[in-house]
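# Close look at the chain arrangement
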Amino acid sequence: MIADLVQRFYTDLWNRWDDGLVGDLLSPDFLFRGSLGQEVHGRDGWRRYRDLIRQGSSDFHNEIIDLVVAEDRAAARLEYSGTHTGPLLGFNPTGRRFTYSGAAFFRASDALLTEAWVLGDLRSLSAQLGGR
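About the criteria used
- Residues numbered from 1 in each chain as written.
- Predicted model: local features only at pLDDT ≥ 70, side-chain atom pairs only at ≥ 80, totals over all residues.
- Heavy atoms only, no water.
- Core = buried A, V, L, I, M, F, W, Y, C linked by side-chain atoms within 4.5 Å.
- Buried < 20%, exposed > 50% of the residue type's maximum accessible area, 1.4 Å probe, protein only.
- Helix = DSSP H or I, 4+ residues; strand = E, 2+ residues; numbered from the N terminus.
- Contact = heavy atoms within 4.5 Å.
- Arc of directions from axis to C-beta.
- Salt bridge = Lys/Arg side-chain N within 4 Å of Asp/Glu carboxyl O.
- Phe/Tyr/Trp six-rings, centres within 6.5 Å; stacked < 30°, edge-to-face > 60°.
- Lys NZ or Arg CZ within 6 Å of the ring centre and 35° of its normal.
- Pairing = 2+ DSSP bridges.
- Axes fitted to C-alpha atoms, helices over the stretch in contact; angles between N-to-C directions.

### Notes on the nonpolar core
Counting residues in hydrophobic clusters, the biggest one holds 35 residues, and the most contacted among them are Phe9, Tyr10, Trp14, Phe32, Trp46, Phe106 and Leu113. Those elements that place two or more of their residues in this core are helix H1 (2-15), helix H2 (22-25), strand S1 (26-33), helix H3 (42-56), strand S4 (73-83), strand S5 (97-109), strand S6 (112-120) and helix H4 (122-129). It is H1 that provides the largest number of residues to this core, a total of seven residues. Among all residues touching Leu113, those that are not within four sequence positions of it are Ile2, Leu5, Val6, Phe9, Leu25, Leu26, Ser27, Phe30, Phe106, Arg107 and Ala108.

Here is the structure:
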């Protein structure tokens, strides 16, 4: 069950930006801690975080490399990619392509994701956007 939720979280909510499925996958009190250091609550909080990422990379893409599941929990190793089309990590848009690695940890209850904690290699991303 949780494996399908995580797959759909990335395929539908992130890669396809399908806002209509948020209620089908995320609990109303969904807790999300993103790579940018922000913690948001609820479906609308997650949408704001997602839109912040989309503003910085309109073609942002998530690929699950590995997914490990244990009952109501899951861990994913991911590769993120996109084009730097807007402000991101304090950098003005460069038009550069980027790819970086990350991991995410999920919890689910009652057939909905209740929590996600995402850790991305922001050092690598920053270097690709023009930082050191």
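### Remarks on H4
Taken together, the buried positions of H4 are occupied by Leu125, Ser126 and Leu129. Taken down its axis, H4 places every buried residue within 100 degrees of arc, on the same side. The positive-phi residue at the C-terminal boundary of H4 is Gly130, with phi of around 120 degrees.

### A look at the pattern of salt bridges
For the coordinates displayed, the defined rule picks out twelve salt bridges. Residues Asp19 and Arg47 are paired through a salt bridge, measuring 2.9 Å at the closest nitrogen-oxygen approach. Of this pair, Asp19 sits in the loop between H1 and H2 while Arg47 sits in helix H3, placing them 28 residues apart in sequence. Asp19 is the partner of Arg50 in a salt bridge, and the nearest nitrogen-oxygen pair spans 2.9 Å. Of this pair, Arg50 sits in helix H3 while Asp19 sits in the loop between H1 and H2, placing them 31 residues apart in sequence. The class for Arg50 is buried, based on a relative accessible area of 4%. Here the salt bridges share partners, and the residues they tie into one network are Asp19, Asp44, Arg47, Arg50 and Asp51.

### Things to note about the packing of aromatic side chains
Tallied over the full model, the rule gives 14 aromatic pairs. Taking the centre distance of 5.0 Å and the plane angle of 80 degrees together, the rings of Phe9 and Tyr10 count as edge-to-face. For the pair Phe9 and Tyr10, a shared accessibility class is recorded, and that class is buried. Lying over the aromatic face of Trp117, Arg33 brings its terminal NZ or CZ to 5.8 Å of the ring centre.

### Side note on the sheet that holds S6
Taken in spatial order, the six strands make up an open sheet running S2-S1-S6-S5-S4-S3, and their pairing is mixed. Of all strands in the sheet, those with a lone pairing partner are strand S2 (39-41) and strand S3 (61-70), marking the two edges. With direction set aside, neighbouring strand axes in the sheet form an average angle of 20 degrees. Strand direction decides the pairing type here: S4 and S5, joined by eleven bridges, are antiparallel. Among the inter-strand pairings, Gly82 is bridged to a residue of S5, identified as Phe98. The sheet contacts of H1 involve S1, S3, S4, S5 and S6, and relative to S3 the element is tilted by about 170 degrees. Contacting S5 and S6, H4 runs over the sheet at an angle of about 150 degrees to S5.

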